[in-house]
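Listed below are the residues making up each chain.
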Amino acid sequence: MADKMNKILFSHSYFLRYDNKQWKTGQPYPPLGTLYAAALMRENGYEVSLFDAMFVKDPSELTPVIDENKPGFFVVYDDGFNYLTKMCLTNMREAAFKMMKMAKAAGAVVIVSSSDATDHYEKYLEEGADFVIIGEAEHSLLDLVSSLNNNKNEFSAIAGLAFKQNNTLIKTARREVLKDLDSLPAPAWDIVDIEPYRQMWMKHNGYFSLNIATTRGCPFKCNWCAKPIYGNRYNSHSPQRIANELKFLKGKYGFDHIWFCDDIFGLKLGWVKEFADLAEKEKLKFRFKIQSRADLLLQEDNIKHLARAGCENVWIGAESGSQKILDAMDKGITIEQIKEATRLLKKNDIKPSFFIQFGYLGETKEDIKKTIKMINTLLPYSIGVSVSYPLPGTGFFEKVKADLREKTNWTDSDELKLMFRNTYQPAFYKQLHRYVQKNYRKHLAIETMKKLIQYPFKASGASIKKAASLVYYIPNVFWAKLKLDLLEKE
């Protein structure tokens, strides 16, 4: 029994095959948050293993892994750095419930840490979880497992827990977020099989990307953005710690590209410059993408440091081309800042990409037109288009929760259903997504055609192909707009 209680089998609830859009895109990332937790538990003497659900066809595949490992603890620990797990998709929730029941039947103590479980801990406890960890979970997990192993059942003294005791639901005080991130051991990369990730990336994209987090949390107050795990505090690893981790991953796995999965990259003054200096000193040659804000990209010196370090793509939460909507979101940026940030990034050979959302409360046809115009005028490298998604714990959720009786979560990331009453019906926003994407690609093709005419000697196979796509997009945009107009009238 003692040996069993020393064994922890980790998993997570993101099944890539259950999210058809993401499966086709073929850009999976290992569950980084899970690997951090496993590393901390191993550092404290526990035997850890991983059932990686990323490529699994069915949760039932967990059964032989439990039989082989015979763990005392089964921990569903979702990756709090990945926006796909923050969306709390019902496909993944149901898969988590199935795994929990299997582990419970095998006699393991079931512990869950995820954005969805933090928001809906009652549901997880009802479905068989023994404990749900609320918020940032590594040290709560360590305290809980240590307490169970020492037969100390005073769980109320452990911060960041929800559990049932004598049929009474108990939720303890929230744990303070960790400030010294460098105190954590490096993620337990050795417990995950990297090859399926590499193979899918190479097959679909022609290069291999891995994920690293340099920070936790976001101090900004966008009223639709939930932060159930790392909160509004902003804490960072040191540049040296990140450089060391990159050297290790480059040597072990030979990645081509890194996604720095921070909510906001490089907010701390001087961090980017110091990191760029270290990357040059250590001869770390790689490309990377980050997420940032338009108002943080207005100092060209900082952008030059990003470019020097290897940044090739910055995803900006542009959200809307209407200042009225940005203000309603408490976004804290202006349209002019989006324009200037885009200009400076392009000037320094960094590709700007936009996150866009439609359907926010109060958005009108004119606001939608402004957003489409902004996209087609600024022509970012890529766009991610969604509709406003109410997440528990946000001001936006509180405004629309009365309309969420029928549906509160998407099934998968491509559902794109507007789940509350707004200016137009949900089908309109689904078609708007199709129209905006096709119209954007048409404008990219037009711009490429102009450059080919102006600089014919710089033509490449890729640029010729992109310009030729105009033949496809012109009629497709026409029909997409026609369908959109019909839905608008309905």
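As the structure is a computational prediction, the values presented were derived from the model and not from experiment.

Asker: Whenever I open this one, the overall build of the chain confuses me. Can you help?
Answerer: Within the chain one finds 19 helices and 15 strands. Taken over the C-alpha atoms alone, the chain extends approximately 75 × 60 × 40 Å along its principal axes. A total of 490 residues make up the chain; the buried ones form 56% of that total. Taking as baseline every contact in the chain between residues at least 6 positions apart, the subset at least 24 positions apart corresponds to 75%. In the structure as shown, the chain presents an accessible area of about 21600 Å², 52% of it carried by carbon and sulfur atoms.

Asker: Explain empty space enclosed by the protein to me, please; I cannot follow it from the model alone.
Answerer: To locate leftover empty space, one rolls a probe as large as a water molecule over the atoms. Within the structure shown, the criterion is met by 5 cavities of 30 Å³ or more. In this structure, the largest cavity spans a volume of roughly 90 Å³. Forming the boundary of the largest cavity are Ser13, Tyr14, Asp78, Leu84, Thr85, Cys88, Leu89, Met92, Arg93, Asp116 and Tyr124. Elements with a contribution of two residues or more to the lining of the largest cavity: helix H4 (83-86) and helix H5 (90-105). Counted by class, the lining of the largest cavity contains 6 nonpolar, 2 polar and 3 charged residues.

Asker: Hey, could you run me through the environment of Asn422 in this one?
Answerer: Residue placement: Asn422 occurs in the loop between helix H16 (395-400) and helix H17 (426-454). Considered as a pair, Asn422 and Lys481 are 59 residues apart in the sequence and their alpha carbons are 20 Å apart. Once residues lying within four places of it in the same chain are set aside, the contact partners of Asn422 are Gly359, Tyr360, Leu361, Gly362 and Tyr429. Within the structure, Asn422 has its side chain in polar contact with the side chain of Thr423 (distance 3.4 Å).

Asker: What's the story with the pairing of strand E3 (residues 73-77) in this structure? I'm lost.
Answerer: Here is the key point about a regular strand: its side chains alternate between the two faces of the sheet. Of all 5 residues making up E3, 5 are buried, and the element is well covered by its neighbours. The pairing of strand E1 (residues 7-11) with E3 spans 4 bridges and is parallel. Along E3, the bridge assignment pairs Phe10 with Val75. Across 5 bridges, the pairing between E3 and strand E4 (residues 109-113) is parallel. Pairing of Phe74 across the sheet is with Val110, part of E4.

Asker: Whenever I open this one, the nonpolar core confuses me. Can you help?
Answerer: When a protein is soluble and globular, its nonpolar side chains tend to lie buried together. Counting residues in each nonpolar core, the largest one holds 164 residues, and the members touching the most others are Phe10 and Phe260. With 8 residues, the single largest contributor to this core is helix H2 (residues 32-43).

Asker: Could you clarify how one ought to interpret the sheet that holds strand E13 (residues 311-319) in this entry?
Answerer: Within a beta sheet, neighbouring strands are joined by backbone hydrogen bonds and run either parallel or antiparallel to one another. In spatial order, the strands read E8-E11-E12-E13-E14-E15; together these 6 strands make up an open sheet with parallel pairing. Among the strands making up the open sheet, the edge pair consists of strand E8 (209-212) and strand E15 (382-387). Strand-to-strand, the axes of this sheet are offset by a mean angle of 20 degrees, without reference to chain direction. Both E8 and strand E11 (residues 257-260) contribute to a ladder of 4 bridges, which runs parallel. Within E11, the residue paired with Ser209 across the bridge is His257. The strands touched by H17 within the sheet are strand E14 (351-358) and E15, with E15 carrying the most contacts at an inclination of about 170 degrees.

Asker: How should the side chain of Asn223 be read in this particular structure?
Answerer: By secondary structure assignment, the location of Asn223 is in the loop between strand E9 (215-216) and strand E10 (235-236). Overall, the relative accessible area of 10% leaves Asn223 in the buried class. A polar contact is formed between the side chain of Asn223 and the backbone oxygen of Ala328, at a distance of 2.8 Å. Look past the residues within four positions of Asn223 in its chain and what remains in contact with it is Ala328, Met329, Asp330, Tyr360, Thr394, Gly395, Phe396 and Lys399.

Asker: Any chance you could explain the packing of H17 against helix H18 (residues 461-468) here in plain terms?
Answerer: The relative placement of two packed helices is expressed as an angle between their axes plus a distance between the axes. Running from amino to carboxyl end, H17 crosses H18 at an angle of 125 degrees, the nearest separation of the two axes being 7 Å. Accordingly, the angle class assigned to the pair H17 and H18 is oblique. As for the relative orientation of H17 and H18, their crossing is left-handed in sense. For the pair H17 and H18, the contacting residues are Leu444, Ala445, Thr448, Met449 and Leu452 in the first and Ser463, Ile464, Lys466 and Ala467 in the second. Within the contact of H17 with H18, the residues separate by chemical class into 6 nonpolar, 2 polar and 1 charged.

Asker: When you look at a nonpolar patch on the surface in this model, what are you seeing that I'm missing?
Answerer: A contiguous nonpolar patch, built from Phe478, Trp479, Leu482 and Leu486 and spanning about 440 Å² of accessible area, is present on the exposed surface. Note that Leu486 resides in helix H19 (residues 470-489).

Asker: So what exactly am I meant to see when it comes to the sheet that holds strand E6 (residues 161-165) here?
Answerer: The 7 strands lie next to each other as E2-E1-E3-E4-E5-E6-E7, forming an open sheet whose pairing is mixed. Single-partner strands in this sheet number two, and they are strand E2 (47-51) and strand E7 (168-171). With direction set aside, neighbouring strand axes in the sheet form an average angle of 20 degrees. Against the sheet, helix H3 (residues 62-69) touches E1, E2 and E3, its axis set at about 165 degrees to E1. In this fold helix H8 (residues 138-149) packs onto E1, E3, E4, strand E5 (131-133) and E6, with an angle of close to 165 degrees to the strand it touches most, E3.

Asker: It is not clear to me how the state of the cysteines should be interpreted in this structure. Could you clarify?
Answerer: Covalent bonding between the sulfur atoms of two cysteines is what defines a disulfide. Within the structure shown, the criterion is met by 0 disulfides. No disulfide involves Cys218; its sulfur sits 6.1 Å from the nearest other cysteine sulfur, which is in Cys225. Judged by its relative accessible area of 10%, Cys218 falls in the buried class. Of the cysteine sulfurs around Cys261, a residue in no disulfide, the closest is that of Cys218, at 14 Å. For Cys261, a relative accessible area of 2% translates into the label buried.

About the cut-offs
Residues numbered from 1 in each chain as written. Predicted model: local features only at pLDDT ≥ 70, side-chain atom pairs only at ≥ 80, totals over all residues. Heavy atoms only, no water. Helix = DSSP H or I, 4+ residues; strand = E, 2+ residues; numbered from the N terminus. Buried < 20%, exposed > 50% of the residue type's maximum accessible area, 1.4 Å probe, protein only. Contact = heavy atoms within 4.5 Å. Areas by Shrake-Rupley, 256 points an atom, 1.4 Å probe, with all protein chains shown as cover. 1 Å grid on protein atoms, 1.4 Å probe; cavity = no way out; pocket = protein on both sides within 12 Å on 5 of 7 lines; lining within 4 Å. Points joined across faces, edges and corners; volume = space filled by probe spheres on them. Nonpolar A, V, L, I, M, F, W, Y, C, P; charged D, E, K, R; others polar. Polar contact = N/O pair within 3.5 Å; in protein donor to acceptor, adjacent residues only side chain to side chain. Pairing = 2+ DSSP bridges. Core = buried A, V, L, I, M, F, W, Y, C linked by side-chain atoms within 4.5 Å. Axes fitted to C-alpha atoms, helices over the stretch in contact; angles between N-to-C directions. Parallel < 35°, antiparallel > 145°, perpendicular 65-115°, else oblique. Left-handed = near helix turned anticlockwise from the far one by under 90°. Patch = residues over 30% accessible without salt bridge, like charges linked within 9 Å, V, L, I, M, F, W, Y side chains within 5 Å. Salt bridge = Lys/Arg side-chain N within 4 Å of Asp/Glu carboxyl O. Disulfide = S-S within 2.5 Å.

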